[in-house]
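Structural description and commentary
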Amino acid sequence: EELSAKDSYLTLIKQLLEEADVNDSGTICWEEFQLKLEDEKMQAFLRSIELDPSEARGLYKLLDVAESDEVPIDEFVTGCFR
């Protein structure tokens, strides 16, 4: 059951990030992510992984290891579950 919940979260965050990727680059820049933070589904997802939406900038910076302001969606998804 725990695994299926994780799969559901993976599917949800991937879908949310793909919606946020307005230029279809396959990556999320901070601006795209910031806009998506206003979405209730994104806020609910963050709370589900015990992250307050106000801490989202820290999460983004953590995942942007290259400091390029571009995080590949797949890396973002897996990074949320580390």
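Above this text you will find the structure in question.
Nothing here was measured: the structure is a model prediction, and the numbers come from that model. (Residues numbered from 1 in each chain as written. Predicted model: local features only at pLDDT ≥ 70, side-chain atom pairs only at ≥ 80, totals over all residues. Heavy atoms only, no water.)

Comments concerning the overall build of the protein
Helix and strand counts for the protein come out as 5 helices and 2 strands. Listing each helix as α and each strand as β along the protein from the N terminus yields α-β-α-α-α-β-α. Computed over its C-alpha atoms, the radius of gyration of the protein comes to 12 Å, within 12% of the 12 Å expected for a compact globule of 82 residues. A principal-axis box enclosing the C-alpha atoms of the protein has dimensions of 35 × 25 × 20 Å. Across the 82 residues in the protein, those meeting the buried criterion constitute 34%. Considering only contacts in the protein between residues 6 or more positions apart, those separated by 24 or more positions represent 56%. For the protein, the computed accessible surface area is about 5300 Å², with 50% contributed by carbon and sulfur atoms. Side chains of the protein give 8 positive and 21 negative charges; the mean places of these two sets differ by 2 Å. (Helix = DSSP H or I, 4+ residues; strand = E, 2+ residues; numbered from the N terminus. Rg over C-alpha atoms; globule rule 2.2 N^0.38 Å. Buried < 20%, exposed > 50% of the residue type's maximum accessible area, 1.4 Å probe, protein only. Contact = heavy atoms within 4.5 Å. Areas by Shrake-Rupley, 256 points an atom, 1.4 Å probe, with all protein chains shown as cover. Lys, Arg positive; Asp, Glu negative; His and termini not counted. Charge placed at Lys NZ, Arg CZ, Asp CG, Glu CD.)

Concerning the pattern of salt bridges
Applying the stated criterion across every chain, the model contains 5 salt bridges. Among the ionic pairs, Lys14 bridges to Glu18, the shortest N-O distance being 3.7 Å. Of this pair, Lys14 and Glu18 are both found in helix 1 (residues 2–20), 4 residues apart, which corresponds to roughly one turn of the helix. Accessibility expressed as a relative area gives 32% for Lys14, which makes it partly exposed. Across the pair Glu40 and Arg47 runs a salt bridge, and its minimum N-O distance is 3.0 Å. (Salt bridge = Lys/Arg side-chain N within 4 Å of Asp/Glu carboxyl O.)

So, the nonpolar core
Ranked by size, the top nonpolar core spans 22 residues in total, and within it Leu17, Phe33, Met42, Leu46, Tyr60 and Phe76 carry the most contacts. Setting aside residues up to four positions removed in sequence, Leu17 forms contacts with Ile28, Phe33, Met42, Ile73, Phe76 and Val77. (Core = buried A, V, L, I, M, F, W, Y, C linked by side-chain atoms within 4.5 Å.)

What about the environment of Lys6?
Structurally, the position occupied by Lys6 is in helix 1. Note: C-alpha distance between Lys6 and Phe81 (75 residues apart in sequence) is 8.6 Å.

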